[in-house]
Amino acid sequence: MITVLFADDHEMVRIGVSAYLTVQADIEVIAEASDGSEAVELALQHRPDIILMDLVMKEMDGIEATRLIVEQWPEAKIIIVTSFLDDEKVYPALEAGAVSYMLKTSKAEEIAKAIRATYKGQSILEPEVTGKIMNKMRTPQSHHLYEQLTAREMEILLLMTQGKTNQEISDQLFIALKTVKVHVSNILGKLEVHDRTQAVIYAFKHDLVN
């Protein structure tokens, strides 16, 4: 059972999404928050598998809530669910530690799929978000951290940009799951990022994806 905390300051949104998720056999909404500060408190109290986080809320916004949760609980898997696609929301949310980014215009079924995928270790980004990363986050540098990656590490990084889980990478490359985990850890270290999502962002930012 995938446990979920849903943070949104609109009660009707919480009711609608929670009602759909509740009837899913593998998903359970264990707590709801109406603002960012409550989301932080409930996240650290319940440690849910997935946190659905709105961005614009009273008291504390979703970006700050995401940052505080990840600082105190680095393993947290947070999915942003918002109406906003502007740069001032997308980049800070991902940099704060969000794993996936969905729009409220998404169907409830798509949000459920994103929950399952994120739970498995994938990063689900709206196509518009991926486009922003590709088009606007490419900045020239005199020295590139990715130059430290081995050919195998680069291969695995590119599979990560496709949303592949460690197990899927293991199966595709015919290498042990433990070996994949070591490579992923090395990739994060060499790129100086904290998680898979930031590694994927780095790959798009530096035009490593064909």
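Below you will find a few notes about this structure. (Residues numbered from 1 in each chain as written. Predicted model: local features only at pLDDT ≥ 70, side-chain atom pairs only at ≥ 80, totals over all residues. Heavy atoms only, no water.)

Describing the side chain of Q24
The topology assignment puts Q24 in the loop between α1 (11–22) and β2 (27–33). In this structure the side chain of Q24 is engaged in a polar contact, spanning 3.3 Å, whose partner is the backbone oxygen of Y20. (Helix = DSSP H or I, 4+ residues; strand = E, 2+ residues; numbered from the N terminus. Polar contact = N/O pair within 3.5 Å; in protein donor to acceptor, adjacent residues only side chain to side chain.)

Quick look at the packing of helix α9 (residues 177–191) against helix α10 (residues 196–205)
Close contact between α9 and α10 brings their axes to 10 Å; oriented N to C, the two are set at 60 degrees. In terms of axis orientation, α9 runs oblique to α10. As for the relative orientation of α9 and α10, their crossing is left-handed in sense. Each of V184, L188 and L191 in α9 lies in contact with α10, whose residues at this interface are R196, A199 and Y202. Taken together, the residues of the contact of α9 with α10 sort by class into five nonpolar, no polar and one charged. (Axes fitted to C-alpha atoms, helices over the stretch in contact; angles between N-to-C directions. Parallel < 35°, antiparallel > 145°, perpendicular 65-115°, else oblique. Left-handed = near helix turned anticlockwise from the far one by under 90°. Contact = heavy atoms within 4.5 Å. Nonpolar A, V, L, I, M, F, W, Y, C, P; charged D, E, K, R; others polar.)

A word on the pattern of salt bridges
Within this structure, the stated rule accounts for eight salt bridges. The salt bridge partner of R14 is E32, with a shortest N-O separation of 3.3 Å. Within this pair, whereas R14 is found in helix α1, its partner E32 is found in strand β2, the two being separated by 18 residues in sequence. Looking at R14, the relative accessible area reads 12%, which means it is buried. When the shortest N-O distance is used, the salt bridge between E109 and K113 registers 3.6 Å. With E109 and K113 both in helix α5 (residues 108–119) and four residues apart, this pair spans about one turn of that helix. Here E109 falls in the partly exposed class, since its relative accessible area comes to 42%. (Salt bridge = Lys/Arg side-chain N within 4 Å of Asp/Glu carboxyl O. Buried < 20%, exposed > 50% of the residue type's maximum accessible area, 1.4 Å probe, protein only.)

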